[in-house]
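A look at the structure
These are the residues of each chain, in order.
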Amino acid sequence: MAHTIRWGIMATGWIAKTFVRDLLQDPKARDASDIAHQIVAVASSSSKDKATQFISALSIPDPCTAYSNYEDLVADPAIDVIYVATPHSHHFQNVMLALNAGKHVLCEKAFTVNAAQTKILCETAREKGLFLMEAVWTRYFPLSVQVREIIQSGEIGEVLRTVADTSFGDDVEEKWGTTHRMVNPDLAGGALLDLGIYSLTWVFQTLYHTLPKEQRKPPTVTSQMTPYHLTGADESTTIILNFPTSTPTNAGHPARSHGVAMTNIRVSGDPDEQGTSGPNIRIQGTKGEIQVFGLPFRPTRYRVIPVKGAGPVRDVECPFPAGGHGMFWEADEVARCLRDGKVESEGMPWEESIVIMEVMDEVRRQGGLVYPAKIESTEYPLQL
Ligand SMILES: NC(=O)C1=CN([C@@H]2O[C@H](COP(=O)(O)OP(=O)(O)OC[C@H]3O[C@@H](n4cnc5c(N)ncnc54)[C@H](OP(=O)(O)O)[C@@H]3O)[C@@H](O)[C@H]2O)C=CC1
Ligand SMILES: O=C1OC[C@@H](O)[C@H](O)[C@H]1O
């Protein structure tokens, strides 16, 4: 018998639509028969009409209630878990609202504006015994799971460097202007929090998450940032992360692994969108390398290259079942965690979300990117 969870959707923007389309897919298309999803309510902070239109445009089956505000949504007793799909600036206030109403939460990336806010959310969820997860969907792709398993099997030896690039070649002024959440500091916009987090995801899931828990140590950080001239949010950020590891590679010399996390919204990591420029992610070990192709948030294939003489190159395609976007895998994880009474997911633990937020805080400190005090605040409730 499938364990069914009942979702409430907070906001009606682009990603909310994409997530709901995936939730509505038959889990059997991805060989999942132990869990199921129902969408029982949608709220728009703009108007009830917007929520009603969202429900009808996406053909969400009855019963699904439309709300004109987020307060009514979180008070609905029919909901198990709230999916927060608002801009970064609003995550802290919105997640606190849901947790205080006794609801489990899946919150879009970047989790919050800063690490202090993330820590409070995790502490609140812990105190209330509620599930909370940052929606870093890519971590739940079969491709990511396989890459982590290959690393943990030792096939490419000790991984000492990961390079990841999440970059769009946009005409920034033309495409994003000054008010879009991508570049708007009032909404905690900028390449780092929106896209750089995926480069950091690849660095962390290959150099940190794959280690035994007691060996996971926060990295030191060196970075550069280029502000977008019209808003001051970053349009380009490059980070070097230096992870201490406890395994000596040469007698007497402690190994260090390096991550290079890049993001840019003006130059592309894949200009012809054919992969001609090579992989966006390279995971380099002492016995070989894994290359990951496609945009780092939604990669489509990987290649394992053993060192010379150690075996053949292996190419693995990772298709998306039934044309889905790929967000159902993280939703399935939420369902399984709720079924099993867990408050956090092993794939994206609170501790790791906090360390990644701390890295982004430090990068912003080095780059001089400060957001408005209101959205950096840890005060709750606060009208934004
Ligand atoms: N996992 C992924 O692949 C992706 C994740 N994201 C993440 O999802 C979140 C939302 O992004 P996206 O859907 O693209 O953004 P949109 O601008 O398309 O939607 C955001 C929604 O948030 C609500 N909202 C509440 N307050 C505000 C406000 N002050 N200004 C603007 N919107 C507000 C609005 O819904 P309403 O009026 O109905 O309340 C709005 O439609 C971000 O955290 C982003 O990083 C985004 C794209 C892809
Ligand atoms: O999370 C994301 O992934 C897809 C991108 O298009 C989007 O800007 C970003 O928010």
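It should be emphasised that the depicted structure is a prediction, and the values quoted were computed from it without experimental measurement.

The subject of this paragraph is the UniProt feature "domain: Gfo/Idh/MocA-like oxidoreductase N-terminal" (unreviewed entry) in the protein. Here, UniProt's "domain: Gfo/Idh/MocA-like oxidoreductase N-terminal" (unreviewed entry) annotation points to residues 5-133. Split by type, residues 5-133 is 41% helix and 22% strand. Its first and last C-alpha atoms lie 15 Å apart.

Moving on, we come to the site of ligand 1. Surrounding ligand 1, one finds 24 residues, the nearest of these being Thr12, Ser44, Ser45, Ser46 and Tyr70. In this structure, lysine 50 approaches ligand 1 through a side-chain N or O atom, which is 3.3 Å from an oxygen atom. Between arginine 181 and ligand 1, the recorded distance is 3.0 Å, taken from a side-chain N or O atom to an oxygen atom. Taken by itself ligand 1 offers 890 Å² of open surface, and the protein chains cover 81% of this. Secondary structure elements with two or more residues in the shell around ligand 1: α1 (14-23), α4 (88-100) and α8 (191-207). Considering each element in turn, the shell around ligand 1 owes the most residues, 3 residues, to α4. A class-by-class count of the residues in the shell around ligand 1 yields 10 nonpolar, 9 polar and 5 charged.

Between its first and last C-alpha, α8 extends 22 Å over 17 residues, near the 24 Å set by a 1.5 Å rise per residue. In α8, a bend of some 40° at isoleucine 197 exceeds every other bend along the element. Counting buried positions along α8 gives 17 out of 17 residues, so the element sits mostly inside the fold.

It is worth spelling out the domain arrangement of the protein at this point. Under the domain assignment used here, the protein contains domain 1 (3-138 + 327-348) and domain 2 (142-317). Its C-alpha centre places domain 1 at a distance of 27 Å from the equivalent point of domain 2. Between domain 1 and domain 2, the residue contacts involve 15 residues of the former and 19 residues of the latter. Linking domain 1 with domain 2 are 2 salt bridges, by the criterion used here. The residue glutamate 346 makes a salt bridge to lysine 213 at a minimum N-O spacing of 3.3 Å. Counting across the domain 1 and domain 2 interface gives 8 residue pairs in polar contact (both at pLDDT 80 or more). Split into classes, the residues belonging to the side of domain 1 that touches domain 2 amount to 6 nonpolar, 6 polar and 3 charged.

Attention shifts here to the packing of α8 against helix α10 (residues 350-367). Axis separation between α8 and α10 bottoms out at 11 Å; the angle between their running directions is 125°. As judged from the angle between their axes, α8 and α10 are oblique. The hand of the α8/α10 crossing is right-handed. Residues Leu192, Leu193, Ile197, Leu200 and Phe204 of α8 form the contact with α10, whose own contacting residues are Glu352, Val355, Ile356, Val359, Met360, Val363 and Arg364. Residues that form the contact of α8 with α10 fall into these classes: 10 nonpolar, no polar and 2 charged.

What counts as what
- Residues numbered from 1 in each chain as written.
- Chains lettered and ligands numbered in written order.
- Predicted model: local features only at pLDDT ≥ 70, side-chain atom pairs only at ≥ 80, totals over all residues.
- Heavy atoms only, no water.
- UniProt positions renumbered as here; feature names shortened; annotations may be inferred.
- Helix = DSSP H or I, 4+ residues; strand = E, 2+ residues; numbered from the N terminus.
- Near = heavy atom within 4 Å.
- Polar contact = N/O pair within 3.5 Å; in protein donor to acceptor, adjacent residues only side chain to side chain.
- Areas by Shrake-Rupley, 256 points an atom, 1.4 Å probe, with all protein chains shown as cover.
- Nonpolar A, V, L, I, M, F, W, Y, C, P; charged D, E, K, R; others polar.
- Expected span 1.5 Å × (residues − 1).
- Bend = angle between axes of the 7 residues up to and from the residue.
- Buried < 20%, exposed > 50% of the residue type's maximum accessible area, 1.4 Å probe, protein only.
- Domains from an automatic or database assignment.
- Contact = heavy atoms within 4.5 Å.
- Salt bridge = Lys/Arg side-chain N within 4 Å of Asp/Glu carboxyl O.
- Axes fitted to C-alpha atoms, helices over the stretch in contact; angles between N-to-C directions.
- Parallel < 35°, antiparallel > 145°, perpendicular 65-115°, else oblique.
- Left-handed = near helix turned anticlockwise from the far one by under 90°.

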